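Fold and contact review
Single-letter residue listing:
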Amino acid sequence: MALEQAAFAAGCFWSVELAYQRVPGVVKTSVGYTQGSTKNPTYAQVCTGRSGHAEAVLIEYDPNQVSFEKLLEVFWSKHDPTQLNRQGNDTGSQYRSGIYFCTPEQEKIAWESLRKEEKHIGKKIVTEILPAKEFYPAEEYHQQYLEKGGRFGSKQSAAKGCTDKIRCYG
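In this report, we go over the structure that sits alongside the text. This is a predicted model, so every value here is computed, not measured.

**A word on helix α1 (residues 13-21)**
Within α1, nine of the nine residues are buried, which leaves it mostly tucked inside the rest of the structure. Phe13, Trp14, Ser15, Val16, Glu17, Leu18, Ala19, Tyr20 and Gln21 are the residues of α1 that are buried. Looking at the buried side of α1, the elements it contacts are β1 (4-10), β2 (26-34), β3 (54-61), α3 (68-77) and α5 (145-148).

Below you can see the structure in the form of structure tokens.
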């Protein structure tokens, strides 16, 4: 089984990670920081907006079980790709929308998907599509944060195929 990787940025990484944890064929998720210039950034550094990094989810998946197209469907459904450097109340370049590809085929599919989604919603999409740069895993307490219960200890299911509403809280 040859696994593939891709990274997605769609605002706060906690709910994005949980959505991908639930996708059959996704083998592993890790939240972290990518596309910036600071080496081994901390959450505090990324939150300043000066590191250049986006909060993102690195996904390892089995392409025999889930297509890159399906991963993009999850991506589009998890955020508003027309908002520049923000999602909801979270503002700053670290919350930008991005697809960070690892192969030329992923790049091609990502651009086709963006054009299709733009036509579907009838608005200009600001999602960046770029080659994946080094990915720095976030601090351990951020990993699988919502599955572990978040700040209030209210665990959310990461079971494959789960369709429960995702509640994001800090």
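What follows picks up the thread again.
**Here we look at the nonpolar core**
Counting 37 residues, the largest nonpolar core has Phe8, Tyr20, Phe68, Leu71 and Ile99 as the members making the most contacts within it. When contributions to this core are tallied by element, the ones reaching two or more residues are β1, α1, β2, β3, α3, β6 (97-101), α4 (104-121) and α5. The next biggest cluster of nonpolar side chains, apart from the first, holds seven residues, and it includes Ala7, Ala9, Ala54 and Tyr100.

**Considerations on the pattern of salt bridges**
With the rule as written, the count across this model stands at four salt bridges. Among the ionic pairs, lysine 70 bridges to glutamate 73, the shortest N-O distance being 3.9 Å. One end of the pair is lysine 70 and the other is glutamate 73, both in helix α3 and three residues apart, which spans about a single turn. Residue lysine 70 is classed as partly exposed on the basis of its relative accessible area, which comes to 37%.

What counts as what
- Residues numbered from 1 in each chain as written.
- Predicted model: local features only at pLDDT ≥ 70, side-chain atom pairs only at ≥ 80, totals over all residues.
- Heavy atoms only, no water.
- Buried < 20%, exposed > 50% of the residue type's maximum accessible area, 1.4 Å probe, protein only.
- Helix = DSSP H or I, 4+ residues; strand = E, 2+ residues; numbered from the N terminus.
- Contact = heavy atoms within 4.5 Å.
- Core = buried A, V, L, I, M, F, W, Y, C linked by side-chain atoms within 4.5 Å.
- Salt bridge = Lys/Arg side-chain N within 4 Å of Asp/Glu carboxyl O.

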